[in-house]
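# Geometric and topological summary
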Amino acid sequence: METPPQLTVGRLFSSWQADVPALLVVVLLGGLYGWGVLRLRRRGEAWPVARTAAFAVLGLGTLVVATMSALAVYDRVLFWPAAVQNVLLDLIAPLGLALGDPLRLALRALPERAAARAQGALTGRLLRLLTFPLVSTALVLTTELTIYFTPYFETALADDWLHQLMYLQLLLAGSLFVLPVLTREEALPAWCTHPVRAGLVFVDGIIDAVPGIVVMTHGTLIAGSWYLAHAPSWAPDVQHDQQLGGGAMVGIAELVAVPFLLAILVQWARTERVETVALDRRLDTELERVTPVEAVASPEGPELVRPWWETENSEVAQRIRGQR
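Parameters at a glance
- Residues numbered from 1 in each chain as written.
- Predicted model: local features only at pLDDT ≥ 70, side-chain atom pairs only at ≥ 80, totals over all residues.
- Heavy atoms only, no water.
- Helix = DSSP H or I, 4+ residues; strand = E, 2+ residues; numbered from the N terminus.
- Buried < 20%, exposed > 50% of the residue type's maximum accessible area, 1.4 Å probe, protein only.
- Contact = heavy atoms within 4.5 Å.
- Areas by Shrake-Rupley, 256 points an atom, 1.4 Å probe, with all protein chains shown as cover.
- Core = buried A, V, L, I, M, F, W, Y, C linked by side-chain atoms within 4.5 Å.
- Salt bridge = Lys/Arg side-chain N within 4 Å of Asp/Glu carboxyl O.
- Axes fitted to C-alpha atoms, helices over the stretch in contact; angles between N-to-C directions.
- Parallel < 35°, antiparallel > 145°, perpendicular 65-115°, else oblique.
- Left-handed = near helix turned anticlockwise from the far one by under 90°.
- Nonpolar A, V, L, I, M, F, W, Y, C, P; charged D, E, K, R; others polar.
- Phe/Tyr/Trp six-rings, centres within 6.5 Å; stacked < 30°, edge-to-face > 60°.
- 1 Å grid on protein atoms, 1.4 Å probe; cavity = no way out; pocket = protein on both sides within 12 Å on 5 of 7 lines; lining within 4 Å.
- Points joined across faces, edges and corners; volume = space filled by probe spheres on them.
- pLDDT = per-residue confidence, 0-100.

A separate point is the overall build of the chain. Looking only at helices and strands, the chain features 16 helices and zero strands. Residues classed as buried in the chain amount to 41% of the 324 residues present. The contacts of the chain with a sequence gap of at least 6 include a subset with a gap of at least 24, amounting to 77%. Summing over all exposed atoms, the chain offers an accessible surface of approximately 17600 Å²; the carbon and sulfur share of this is 65%.

Right, here's the structure in full:
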C-alpha cells in the first residue's frame, strides 16, 4: 500500500480518489430519483425542489465525500478520517436521503400495479420489524460497536470488498432508523406520534454519541496493529489519533441531531396545520347540517336548546368540548 503525502489543510480539500462501487451506487440512486422527478413532471405533477436538493447535495454528496474524498485517501493510515467517514455514512447520508423522501417519490412515480407491490413490501412484517424505532436504534448502535470493537474494522482495512460491505452496512443501518421516522409514517406503530418521534430523535442523538465516547476513552487501540504498522512518519501518535477520531464522532453525532429534530418539528407543525384545516372544513359542514329546533315554552320563558357539540359524541364535538 502506497503511503499518501502528509495531510495538510490544502490536501484535505484537494485529495480525491475514485471508488467505483460507491460511484455506481451514487449514479444508480441519483438516476432513479431523477427518473421519478421527471416522470412526475411529465404528468404535470410538482415535486419540491428542496427535497431534490437535500437528496442530491446532503444525501448523495455525503456519500461521495465519505468514500472518495481525502477521508478515503487517508483512512488506511489515520484513524480519525476513517471514524469521520463511518459516521457520515451512518448518520448524515441517511438524513439527506430521507429528506429527499425517495420512497414517497417512488410510490407516486411508479405505475399503479408496481406501486401497489412496493407499498406491500414497505409495510411487510420484516421491514416493519427492522424499522421499529427501538430495533433500528439498537441496530445502529450494534453496528458501530461491532465495527470498532471486533476484528471487523481491521479486517476491512486490509480487504477492499469487506470495506465496501462495511460502507453499505453503515448506510443501511442508519437508513432503517431515519427513513421511517421522516418519510414512512405508516411503517411506524400508531403510538409513534410526532411528539414521540421527537423524543426518539433526542434519545437517538444521545445514543449515537456513545460509540464516539467509548472510542475516545478506550484504553486499547482500535485496529492498533494495523495503524501501528502503517502509520507514516508525519502522523500523530496513534493513541492521540484515536482520541481525535472519537471526538469527531461525538461532535458529528450531536451536530446531526439538531437538523434531524428540526425536521421532525417542521413535520409536526405541518401536520397540525393540515389537521386544523380539515377540522375547520368538517366543522363548517356539520354546522350547515344543523337545523333549528323550536324552543319549548316554559313558565320561566323559552327553554334553551343545548349546542350540538354538547350533545353529540363525534370527533369534531369532542375536540370542541376539549377546547372549551
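Before going further, it helps to spend a moment on the nonpolar core. Residues F79, Y148, F153, L182, Y227 and F260 are the most contacted members of the largest nonpolar core, which totals 54 residues. Apart from residues no more than four positions distant in its own chain, F153 is found in contact with F79, A82, N86, I147, M166, I222, A223 and Y227. Membership of the second largest hydrophobic core comes to six residues, among which are L7, A70, Y74 and L78.

All chains considered together, the criterion is met by five salt bridges. In this structure, E45 engages R108 in a salt bridge whose closest nitrogen and oxygen atoms are separated by 3.0 Å. Residue E45 is found in the loop between helix 2 (20-42) and helix 3 (49-68), and its partner R108 is found in helix 6 (residues 102-109); the two are separated by 63 residues along the sequence. Accessibility expressed as a relative area gives 29% for E45, which makes it partly exposed. R108 gets classed as partly exposed once you look at its relative accessible area, which sits at 32%. When the shortest N-O distance is used, the salt bridge between R104 and D101 registers 2.9 Å. The structure contains a network of salt bridges with shared partners spanning R43, E45 and R108.

Two numbers describe how helix 3 lies on helix 5 (residues 79-99): the axes approach to 7 Å, and their chain directions differ by 165°. When the axis of helix 3 is compared with that of helix 5, the two are roughly antiparallel. The chirality of how helix 3 crosses helix 5 is left-handed. Contacts between helix 3 and helix 5 pair R51, A54, F55, L58, G59, L60, T62, L63, V65, A66 and T67 from the former with Q85, L88, L89, I92, A93, G96, L97 and L99 from the latter. Of the residues that constitute the contact of helix 3 with helix 5, the class distribution is 13 nonpolar, five polar and one charged.

This next bit is on the packing of aromatic side chains. According to the stated counting rule, one finds seven aromatic pairs in the structure shown. The interplanar angle of 10° and the centroid separation of 4.0 Å between the aromatic rings of Y33 and F55 together place this pair among those described as stacked. Residue Y33 is located in helix 2, and its partner F55 is located in helix 3; the two are separated by 22 residues in the primary sequence. Clustering of aromatic rings is evident, with ring pairs tying together F79, Y148, F153 and Y227.

Another aspect to go through is the layout of surface pockets. Looking at the largest pocket, its volume works out to about 720 Å³. As for the largest pocket, its lining consists of 28 residues, and the residues nearest its centre are L29, F55, P102, L103 and L179. Residues of the lining of the largest pocket, tallied by class, amount to 24 nonpolar, three polar and one charged.

Per-residue pLDDT for the chain has a mean of 82; in total, 81% of the residues score no lower than 70. Considering only residues more than four positions removed or in separate chains, one finds that residues 293-298, a stretch of pLDDT under 50, has seven contacts.

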